Structure formats: structure tokens, C-alpha cells
Amino acid sequence: MNDMTKHQLVLLILLVSFVTALVTGIVAVTLINQAPPPITQTIQRVVEKTIGALPEPLKKDEKKELETSALARDVLIEDIARRISQAVVSVVATKDIPVIEQYFINPFPGDDFFGDVRIPQFRQRGTEKRQISSGSGFFVSPDGFLLTNKHVVEDTDAEYSIILNDGRKMKTRVVARDSLNDMAVLKADGSGFPAVPFGDSDSAKVGHTVIVIGNALGEFQNTVSVGVVSGLRRTITASGPKAGPEELAEVMQTDAAINPGNSGGPVLNLRGEVVGLSVAMAAGAENIGFALPINSLKKAFKSAKETGKITYPYLGVRYTMVTPEIKEKKKLPVDYGALVTPGQAGEAAILPDSPAAKAGIKEGDIVLEFGRTKVNKDNTLAKLIQQKNIGDKINIKLMRDSKESSLEVTLEERK
């Protein structure tokens, strides 16, 4: 032992420690296995409280069922993306842009001292066609009608064409631009186009899976993203259109990626039906996009297809939806309905010579029912008006000075 080096001593200590620990473990396990059930159960509870109960492993049948469900969902989304992508197009705007060239002049011709001075000047040398914007769109009927956003085709001096999924480029024309919603209807010549079927956006619920297809960033055609409906009946102010900020109400919120260039593309449910029209994204946020519910566009599309223009009935009032909070704040007698009130910038509550003015509706009235349907957050006054037609005679129940009364109004075309 006297001749043992420090290195050998350390190794010996480690060896003894390992053997001791091993023997102790074996003895402990043996004693536990031979201990009465109450003792082993107590030990088990102590271990569970210390490290937490381990989850039971999935049974073979359960694991197989989950794997099958996940695979089926992937196959379903893949099939929808493959089929619907055939109907999604890129919408490209081109325009004659002036070609500006630079040239130089000598402001002192013939002067020996300033003879080398040159001043830059600019002049137009004709025009050339250039692409000025791009977005998305999709066929909704085999005879060539498409939907897109109004702000994608808002330049009335531009020419528009579509690029199909197979790379073909076709000219298209704008049939109608929607004055109320950020939607436009296009028409391509031909027939037999693959079309996206309309779904029911009223059936979309928060948490439902949605699929978005579009020309992301104006560069990556038919990009597919998947997410969920993360909000309904939002009101946003879209700042993209050249005409200025535009308020959009009743829009659908989704966390499926919507990027610049996706505007005008479809938002689909798991049946491959379009339930929304991609319209905007939240600046400075991640995966917060918005879409116009397709149910609010069906009537406008039908009007454009049949008549070549989009018309809407209107009542001619500005209002605030009554909620329990608004009731409390303004000391109102009811907690639902539409309170006829001036606009935020002081605009008149009743438009002059409007159906509302002709029917005798006044500022401060609360519209309780429109066409015998209760006006509330699920059935806003604007939504109920859009469901009617120009010329319809509508019974309105309203409250004035805490007294209920009824009157009839005839809807007219929105100017």
C-alpha cells in the first residue's frame, strides 16, 4: 500500500464506491419486492409525488387509431390543395408607364470658361408596359367568372391578366367592383374552368381548420397554408387600398398564413368549399389574417354575373350596436338593437332623402327588429339589410323615448 500512487488510490476508491452502490441497489430492490403490499404502495405514492405519475403508454389499438386519423387528415388536406389549386390564379396588373431618360445640357454654350459645365435634365421617351401589382383570385364557375379583392384590381386604367396553375397566361376583364365590400368579379374568356364550390361561412366556428391558397408575396404562386378560425365578426380598418383606409366589418380571423399577394385567394374548409375571401393581414403580427365571409359576397356575385353590376339596398342610417355596456353607459332601456346616432366625425345620423328619412326614423331611435328579426350582435342591422332586395317593404320595430312603435320602410338602391 505504501507503494501505491495517488492515481491508483483514486481508481481504487471509485471502484469500491461503484461496487457498494450496486450492492446497495440490489439489496434495496430485493427488500422492496419482498415487503408487504402496504409498504410497497406507500413507496409508490412517495415516488409519484416526487417525480409525478408517468402517463400510461397508449394501447396498440389507440395508437393505431390516432395515426390513422392524422394520416387521413393529411391525405384530406393534400387532396383539397391539389384539386383547388387548379382553380386558383395569380391576378397581374400591367400599365403603360412613362420611360424617363436623363440627358445633359451646357447652360453656357460657346463660353470658353464654362464650356465643360453639364447640367442633368430629364425627359419622357415614350412608354412601356410594366407590371404594377399582383394578387390572387379563383374561379367560382366553369364559364370563367372569378372572385378577387377590389383593391387587387382598383386601378381602372390598368390591364389585368391571370396566370393559371399550369403557367398559362390569359387576359381578363373586370366585370364589377363592389362598393360595399373589398371584392371584385372578373371574367376570363372560355369554358370548362375548374371552379371552387361555395360553402357556408355561417357554419364556420372558432377552432375549425381552414386552408388558405394564394400567390404569397406576389412571387410564390399557389402557396398553401393551414390553420384555424381564430375569431369571428371582427371589425378592422384596412390601409392597403389606394383609395385610403377602408373599414371592414364582420370579417373572419384566421391564423393560417396570409401574406401580401394572398389578397383575393380562397379560404377553404375541410370539405374543399370556400368560406372566405382573403383580404388583409395584421401589420406587425404573426399569423393574424382576415377574410371576408363568403355568405356576404354570394348575392353580390350573383348580381354581377347576371347584370354586370353590383347593387345593394340601403336604409340610410348611422348607428351603434347596443350592448349591455352601451346600455349602462347611455342609460338605455334595452341591451340590444341598433341606436341611430351620428358618425364619429359628426356625420348626420339619418342620410337626407334616404328610405329611413322618408319612413320617419329619427336620431336617438333604437331599431329593435328589422323584418321581424331581432337586431343583435349575431344579426346586425347591416347584415339584415344586405339579405334584402331593392324595393322590399320592411317592417321595422323601434323604440323612441322608451316606447315601442312600428313603421314600414321601402329599401332603395345604394348610390
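What comes next is a walk through the structure. Bear in mind the structure is a predicted one, so any value in this text is a computation, not a measurement.

### A few points about the overall build of the protein
A count of helical and extended segments in the protein gives seven helices and 20 strands. Counting all 415 residues of the protein, 36% fall into the buried class. In the protein, 63% of the contacts between residues at least 6 apart in sequence involve partners at least 24 apart. A total of about 24500 Å² of accessible surface is found on the protein, and carbon and sulfur atoms cover 54% of it.

### As for the sheet that holds strand S9 (residues 246–254)
The six strands are arranged S7-S8-S9-S12-S11-S10 in a closed barrel whose pairing can be described as antiparallel. Averaged over all neighbouring strand pairs, the angle between strand axes comes to 55°, with direction disregarded.

### Let's talk about the packing of aromatic side chains
Counted according to the given criterion, the structure contains three aromatic pairs. Ring geometry for phenylalanine 145 against phenylalanine 301: centres 6.2 Å apart, planes inclined by 80°, an arrangement best described as edge-to-face. Residue phenylalanine 145 is located in strand S3 (residues 145–148), and its partner phenylalanine 301 is located in helix H4 (residues 295–307); the two are separated by 156 residues in the primary sequence. Judged by its relative accessible area of 7%, phenylalanine 301 falls in the buried class. Here phenylalanine 198 and phenylalanine 301 contribute two aromatic rings whose centre-to-centre distance is 5.9 Å and whose plane-to-plane angle is 65°, an arrangement assigned as edge-to-face.

### Focus: the side chain of asparagine 181
Note on placement: asparagine 181 falls in the loop between strand S5 (169–177) and strand S6 (184–188). There is a polar contact of 3.4 Å between the side chain of asparagine 181 and the side chain of tyrosine 312. Among residues more than four places away in sequence, those in contact with asparagine 181 are Lys150, Glu246, Leu292, Ser296, Leu297, Tyr312 and Gln386.

### Thoughts on the pairing of strand S8 (residues 220–238)
Consecutive residues of a regular strand have side chains that alternate between opposite faces of the sheet. The pairing of strand S7 (residues 209–216) with S8 spans seven bridges and is antiparallel. Bridging across to S8, valine 210 finds its partner in glycine 227. Where S7 folds back onto S8 in an antiparallel hairpin, the turn is made up of three residues, including leucine 217, whose phi is positive at roughly 60°. Bridge count for S8 against S9 is six bridges, and the pairing is antiparallel. Bridge pairing in S9 links alanine 238 to glutamate 246.

### Overview of the environment of isoleucine 258
Of note, isoleucine 258 is situated in the loop between S9 and strand S10 (266–268). Between the C-alpha atoms of isoleucine 258 and phenylalanine 290, which are 32 residues apart in sequence, the distance is 7.8 Å.

### A word on H4
Under the 1.5 Å per step criterion, the end-to-end length of H4 is 19 Å for 13 residues, consistent within 8% with the ideal 18 Å. Restricting attention to buried positions, one finds in H4 the residues Leu297, Ala300, Phe301, Ser303 and Ala304. Along the long axis of H4, the arc covered by the buried residues comes to 160°, so they all point the same way. In H4, the exposed residues that point more than 90 degrees away from the buried face are Lys302, Glu306 and Thr307. Summarising the contacts, the buried residues of H4 are in contact with S3, S5, S6, strand S11 (274–281) and strand S12 (289–293). Positive phi appears at glycine 308, one or two residues downstream of H4, with a value of about 80°.

### Digging into the pairing of strand S19 (residues 403–410)
Examined bridge by bridge, strand S18 (residues 393–400) and S19 share eight bridges and lie antiparallel to one another. Residue methionine 399 lies in a different strand from S19, and its bridge partner there is glutamate 404. Here S18 folds back onto S19 in antiparallel fashion, the turn holding two residues, of which aspartate 401 has a positive phi close to 55°.

### Focus: unusual backbone geometry
Phi at asparagine 222 is positive, roughly 55°, even though this residue is not glycine. Residue position: asparagine 222 is located in strand S8.

### With respect to the environment of serine 136
Note that serine 136 resides in strand S2 (residues 119–139). Residues in contact with serine 136, not counting those within four places in the same chain, are Val89, Val91, Thr148, Gly214, Asn215, Gly261, Asn262, Ser263, Gly264 and Gly265.

Reading the values: rules and limits
Sequence order as written defines the numbering, with residues in each chain counted from 1. It should be noted that, the model being predicted, local features are given only for residues of pLDDT at least 70 and side-chain atom pairs only at 80 or more, the latter also being counted only at that level, while totals for whole chains, interfaces and linings use all residues. Think of the side-chain values as coming from all heavy atoms in the structure, minus any hydrogens and water. Helix and strand assignments come from DSSP, with helices taken as H or I runs of at least 4 residues and strands as E runs of at least 2, each series counted from the N terminus. Only protein chains enter the area calculation, which uses a 1.4 Å probe; residues under 20% of their type maximum are buried, those over 50% are exposed, and those in between are partly exposed. Should any heavy atoms of two residues lie within 4.5 Å, those residues are considered in contact. Here, Shrake-Rupley sampling with a 1.4 Å probe gives the accessible areas, and only protein chains in the shown set may cover a residue. Should DSSP find at least two bridges between two strands, the strands are taken to pair. Angles shown run from 0 to 180 degrees and are taken between the N-to-C directions of axes, each axis being a line fitted to C-alpha atoms and, for helices, limited to the stretch in contact. Stacked, tilted and edge-to-face are the three classes applied to pairs of Phe, Tyr and Trp rings, where Trp contributes its six-membered ring and a pair requires centres within 6.5 Å; stacked means planes under 30 degrees apart, edge-to-face means over 60, and tilted covers the rest. Residues adjacent in sequence count toward polar contacts only when both atoms are side-chain atoms; beyond that, a polar contact is any pair of N or O atoms within 3.5 Å, and within protein one must be able to donate a hydrogen and the other to accept it. The span expected for a helix works out to 1.5 Å for each residue beyond the first. Picture the helix axis, draw a direction to every C-beta atom, and the arc is the one those directions span.

Geometric values such as these leave the question of function open.
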